[in-house]
Amino acid sequence: MGEPLKPLRVGIVGAGKISGAYLATLTKLISVELTAVTDLDRGRAEAVAAQYEGQVAVADSVTDLVAREDVDAVLNLTIPAAHADVALQALRAGKHVYGEKPLAANREEADAVLAAARETGLRVGCAPDTVLGTGTQTARKAIDDGLLGRPVAATAFMTGAGHEKWHPDPEFYYRPGGGPLLDMGPYYLSALAHLLGPVVKVTGASSRSRTERTIGSGPRAGHSFPVEVDTHITGTLEHAGGALSTLIMSFDVRAARLPRIEVHGTEASLSVPDPNNFDGAVELNRGDGWETLPASAGYPDAGRGAALADLSEALSAGRPHRASAELAAHVLDVMLTLMDAAEQGRALPVSSTCERPAPVAL
């Protein structure tokens, strides 16, 4: 039966740019309550707390926040290099964790987080939760309902010129742990896992067009910095069910007309909206033109942080939460294996797997 539903009390670690999107959602969720916040820049944490008129405490550090009795779960919005460390601190303090993607910077850190969750019996979730919206979930229902016949192939394309044009502090996107694959790949690979299941083998190639980038906005505009990772990655993914996905993730493309995600089956093709968004048009083509499918699954009008509500409800119902650490660890493993395959110039098996998350009914 699970416990009676009560608000999941959440403390935020990291009050940077992405926190605004989460705060906009948290204020609408009756199953989640924000109680504390901390940041290396105390002023940013105080600015968040000020929005709640004394209802949210400012903690001096991560250690102080995870020790608070009014925090049940930690929302980890730190930079990727700190994701695993903050998650482990929270778990050791007896708190559930939901974090931004990726789950960790490498497989060893991801394994440590999974092991700590098992040992403590606590929940760990990880972005993206965009795949729980009506866009990806309606597309999944079309596949599950057999509208495509047997899925045989998919494409997933994310192309752009780089984040330095709009982000005031973009260096971490171009350091180890960054790059287009680790930054944007989780959206596309999580969607593909929902649509087609886990990946068993990958091939790939990668390159970088420039050794230096220049910040284009904010107070540091004009400052140049080195590029330490490949910025164009392409690969082929073999799913456990036999479908083959073609992937391109790039910070080296000035303009393109590529679809975000398409899935092709023996009977029809499906156009899936941007997995970085929660909604969008899902279109089906049986060979006689595209038709827009009505939203038929997923959380409607959702925003970043919807997975915290799903986690809260899962704790009450005693069911698995959908944006799970196991899925995030598999997605991370697929990305790292793809980069290994690109470096080695050969196909490589993916050692991990995961359960396909439960669908979200409308």
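Quick caveat, the model's predicted, so the values are computed rather than measured. (Residues numbered from 1 in each chain as written. Predicted model: local features only at pLDDT ≥ 70, side-chain atom pairs only at ≥ 80, totals over all residues. Heavy atoms only, no water.)

1. Regarding the UniProt feature "domain: GFO/IDH/MocA-like oxidoreductase" (unreviewed entry) in the chain
Per the UniProt record, the feature "domain: GFO/IDH/MocA-like oxidoreductase" (unreviewed entry) sits at residues 137-270. Annotated as residues 137-270, this span is 19% helix and 34% strand, and its ends, taken at the C-alpha atoms, are 13 Å apart. (UniProt positions renumbered as here; feature names shortened; annotations may be inferred. Helix = DSSP H or I, 4+ residues; strand = E, 2+ residues; numbered from the N terminus.)

2. Some words on the environment of G303
On the secondary structure map, G303 appears in the loop between β16 (290-293) and α8 (306-317). Linking G303 and T130, residues 173 residues apart in sequence, is a C-alpha distance of 7.4 Å. What G303 contacts, discounting residues up to four positions off in sequence, is T25, D129 and F278. (Contact = heavy atoms within 4.5 Å.)

3. Quick look at the packing of aromatic side chains
Taken as a whole and assessed by the stated rule, the structure comprises three aromatic pairs. Ring geometry for Y174 and F225: centres 5.5 Å apart, planes at 50°, overall tilted. A residue pair is termed long-range when its members are at least 10 positions apart, and Y174 in the loop between β7 (151-159) and α7 (179-196) and F225 in strand β10 (residues 224-226) qualify at 51 residues. Considered together, Y174 and F225 belong to a single accessibility category, that of buried residues. (Phe/Tyr/Trp six-rings, centres within 6.5 Å; stacked < 30°, edge-to-face > 60°. Buried < 20%, exposed > 50% of the residue type's maximum accessible area, 1.4 Å probe, protein only.)

4. Overview of the sheet that holds strand β14 (residues 269-272)
Strands sit in the order β16-β15-β14-β13-β7-β12-β11-β8-β17 across an open sheet of nine strands; the sheet is mixed. For this open sheet the edge positions go to β16 and β17 (348-349), each flanked by a neighbour on one side alone. As defined by bridge partners, strand β13 (residues 261-265) adjoins β14 across four bridges and the pair is classed as antiparallel. Bridge assignment links H264 to a residue of β14, and that residue is S269. Running at roughly 50° to strand β8 (residues 199-207), helix α9 (residues 325-344) makes contact with β8, β11 (232-239), β12 (244-250) and β17 of the sheet. (Pairing = 2+ DSSP bridges. Axes fitted to C-alpha atoms, helices over the stretch in contact; angles between N-to-C directions.)

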